[in-house]
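Chain by chain, the residues run as shown.
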Amino acid sequence: IDPHGRVAFVVGTLQHVTGIVLNVFSFTIVVTKFQHPDPDIVFASSVCIAQRDGVPHLLIRLGNKRCNLIYHPEIKVIWMTPVRTREGEQFVKAHSLDVQLPATISGVYTLAHRLDADSPLGEALKTEAAFRDCDAATRASGIQVVFVGRDGVYHDDLHFVKRYMLERDVVW
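On a predicted model such as this, the values are computed, not experimentally measured, just so you know. (Residues numbered from 1 in each chain as written. Predicted model: local features only at pLDDT ≥ 70, side-chain atom pairs only at ≥ 80, totals over all residues. Heavy atoms only, no water.)

**Student:** Just checking my understanding: could you explain the overall build of the protein chain for this structure?
**Tutor:** The secondary structure content of the protein chain amounts to four helices and 10 strands. Listing each helix as α and each strand as β along the protein chain from the N terminus yields α-β-β-β-β-β-β-β-α-α-β-β-α-β. Its C-alpha atoms give the protein chain a radius of gyration of 27 Å, more than 25% over the compact-globule value 16 Å for 172 residues. C-alpha extents for the protein chain along the principal axes are approximately 95 × 45 × 25 Å. A buried classification covers 31% of the 172 residues belonging to the protein chain. At a minimum sequence separation of 6, the contacts of the protein chain that also span at least 24 residues come to 61%. The average position of the 18 basic charges and that of the 19 acidic charges among the side chains of the protein chain differ by 2 Å. (Helix = DSSP H or I, 4+ residues; strand = E, 2+ residues; numbered from the N terminus. Rg over C-alpha atoms; globule rule 2.2 N^0.38 Å. Buried < 20%, exposed > 50% of the residue type's maximum accessible area, 1.4 Å probe, protein only. Contact = heavy atoms within 4.5 Å. Lys, Arg positive; Asp, Glu negative; His and termini not counted. Charge placed at Lys NZ, Arg CZ, Asp CG, Glu CD.)

**Student:** Hey, could you run me through the side chain of Ser 119 in this one?
**Tutor:** Residue position: Ser 119 is located in the loop between β7 (108-114) and α2 (128-133). Note on Ser 119: relative accessible area 8%, which makes it buried. In terms of polar contacts, Ser 119 uses its side chain to reach the backbone amide nitrogen of Leu 121, at 3.1 Å. Setting aside chain neighbours within four positions, we find Ser 119 in contact with His 113 and Arg 114. (Polar contact = N/O pair within 3.5 Å; in protein donor to acceptor, adjacent residues only side chain to side chain.)

**Student:** Would you explain the nonpolar core in this entry?
**Tutor:** Nonpolar side chains tend to gather and get buried jointly when the protein is soluble and globular. Formed by 28 residues in total, the largest nonpolar core has its most connected members in Ile 60, Val 77, Ile 143 and Val 145. Within the residue set of this core, elements represented by two or more residues are β1 (41-43), β2 (47-52), β3 (55-64), β4 (70-84), β8 (142-151) and β9 (157-165). In terms of residue count, β4 provides more of this core than any other element does, four residues in total. (Core = buried A, V, L, I, M, F, W, Y, C linked by side-chain atoms within 4.5 Å.)

**Student:** How should I be thinking about the packing of aromatic side chains in this particular structure?
**Tutor:** Within a pair of aromatic rings, the relevant descriptors are the distance that separates the centres and the angle that separates the planes. For the structure on display, the rule yields two aromatic pairs. Ring centres 5.3 Å apart and planes at 15° place the aromatic pair Phe 43 and Phe 160 in the stacked group. In this pair, Phe 43 sits in strand β1 while Phe 160 sits in strand β9, placing the two residues 117 residues apart along the sequence. Take Phe 43: its relative accessible area is 13%, and that puts it in the buried class. Taking the centre distance of 5.4 Å and the plane angle of 40° together, the rings of Phe 131 and Trp 172 count as tilted. Here Phe 131 is found in helix α2, whereas its partner Trp 172 is found in the segment after β10 (170-171), with 41 residues between them in sequence. The exposure class of Trp 172 is partly exposed, given its relative accessible area of 33%. (Phe/Tyr/Trp six-rings, centres within 6.5 Å; stacked < 30°, edge-to-face > 60°.)

**Student:** What is the right way to read a nonpolar patch on the surface from this model?
**Tutor:** Residues Val 17, Val 21, Phe 25 and Ile 29 make up a contiguous nonpolar surface patch of about 380 Å² in total accessible area. In this structure, Phe 25 sits in helix α1 (residues 6-34). Residue classification places Phe 25 among the exposed positions, given a relative accessible area of 52%. (Patch = residues over 30% accessible without salt bridge, like charges linked within 9 Å, V, L, I, M, F, W, Y side chains within 5 Å. Areas by Shrake-Rupley, 256 points an atom, 1.4 Å probe, with all protein chains shown as cover. Salt bridge = Lys/Arg side-chain N within 4 Å of Asp/Glu carboxyl O.)

**Student:** In this structure, what is going on with the pattern of salt bridges? I would like to understand it.
**Tutor:** Pairing between side chains becomes possible if they bear opposite charge and their charged atoms approach one another. Taken as a whole, this structure holds five salt bridges when the rule is applied. The closest approach of N and O atoms between Arg 132 and Glu 128, which form a salt bridge, is 3.7 Å. Separated by four residues within a single helix, Arg 132 and Glu 128 lie in helix α2, roughly one turn from each other.

**Student:** Looking at this structure, I do not really get unusual backbone geometry. What am I missing?
**Tutor:** Trans is the prevailing form of peptide bonds, just as negative phi is the prevailing case for residues other than glycine. Residues other than glycine seldom take positive phi values, yet Cys 67 does so here, at roughly 60°. If you trace the backbone, Cys 67 turns up in the loop between β3 and β4. A positive phi angle, close to 50°, is found at His 72, a residue other than glycine.

Structure representation (structure tokens):
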């Protein structure tokens with residue numbers, strides 16, 4: 001091959017382009033392997049019982065510290081209560097609490113569960129006095145919030161769990 005000919009020029013150009021493409025792919029693979037978004041989802045340190053249109057609601061505030069869009073958030077709020085069966089078995093029973101979910105979350109969002117007759121927590125948390133008068137198992141129970149969403153920047157799933165104890169973390 002003539003070092004100054006057209007064939008040598010094409011071969012040299014293909015070598016350079018192939019090298020650049022392989023470097024870009026290698027760098028991309030290494031960066032995506034080690035780059036994971038921090039789930040900067042924060043929850044309030046306590047849950048709040050407040051009136052909305054005369055009906056008590058359980059309110060849980062969460063925030064996205066990065067303020068980017070989180071798509072398709074799935075948030076499950078579960079009331080966990082200790083149970084003892086007639087046979088003596090002890091376990092934690094999970095009751096799902098209904099909350100309205102947004103299509104996306106960007107900054108701050110408040111989860112609201114209506115404490116009415118359809119709510120498993122309805123009677124126990126209607127008032128502070130009703131909570132003090134309820135059984136010990138209800139007072140010792142907790143609420144677990146499970147958050148899953150799709151990060152809009154990194155296109156990766158975010159997972160976060162927060163637990164609240166009713167005796168300690170409820171504010172009226």
